[in-house]
Structure formats: structure tokens, C-alpha cells
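# Coordinates in review
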Amino acid sequence: MPTLLSSTEIQTRLTTLPDWTLEDTSIQMILTFKNFIEAIAYINKVVEPAEAAGHHPDISISYNRVIISLTTHDAGGLTQQDFNLAQTLSQLA
């Protein structure tokens, strides 16, 4: 099982991910697209890297707004795995 990160480690890693915020035991990115089609296109781009990492984000969509949340459910909080996938997903936006 992945190791939980300390609050200091989490804050340090967040400095490299300006689009992500800490929300309780997860990190979250909110994206706004031109329309629903572009929002779905982004979500479709998330599938391959999430599958490759074996780590799946919680995704919420409301028309053109997509919220991506990452946490390592098995570990009960944030691990390096979350930050690795966050970095990848930021590059897709």
C-alpha cells in the first residue's frame, strides 16, 4: 500500500501544481471549457493515463465545468501516486 504523505509533503508538492487545491483528504482541479463537448473531450483524455497508472480520479461534470479529485482511497488520504497523476492530468488540460 502507498505511504500517506505528511501535511508538509502535501504542501510542498502542491507548490508545483498551481491548478490544484487541497480539499480535506484529496487534491482537486476545476476546469472550465468552452462547452460540454470540450469538457467530455478532456475527460476522455484522462482515461488512458489513469488506467496506465492504475489510479482513477473522481470526476464530476456539469455542462462545461469538470472537477477532478484525487486521493488514494486504500491508503485513506494523499500519496505520491495522487501527485504523479495530478501532474499528468494538468498537462492534458
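Here's a quick rundown of the structure.

Thresholds, definitions, all that
- Residues numbered from 1 in each chain as written.
- Predicted model: local features only at pLDDT ≥ 70, side-chain atom pairs only at ≥ 80, totals over all residues.
- Heavy atoms only, no water.
- Buried < 20%, exposed > 50% of the residue type's maximum accessible area, 1.4 Å probe, protein only.
- Helix = DSSP H or I, 4+ residues; strand = E, 2+ residues; numbered from the N terminus.
- Pairing = 2+ DSSP bridges.

## Quick look at the pairing of strand 4 (residues 65–70)
Within strand 4, 5 of the 6 residues are buried, leaving the element largely enclosed by the surrounding structure. In terms of strand pairing, strand 2 (residues 26–32) meets strand 4 through 6 bridges, oriented antiparallel. Paired with T32 across the bridge in strand 4 is R65. Two strands pair when backbone bridges link them, and strand 3 (residues 58–62) and strand 4 are joined in this way by 5 bridges, in the antiparallel orientation. Among the inter-strand pairings, I61 is bridged to a residue of strand 4, identified as V66. Counting the residues in the hairpin turn of strand 3 and strand 4 gives 2 residues, including Y63, whose phi is positive at 55 degrees.

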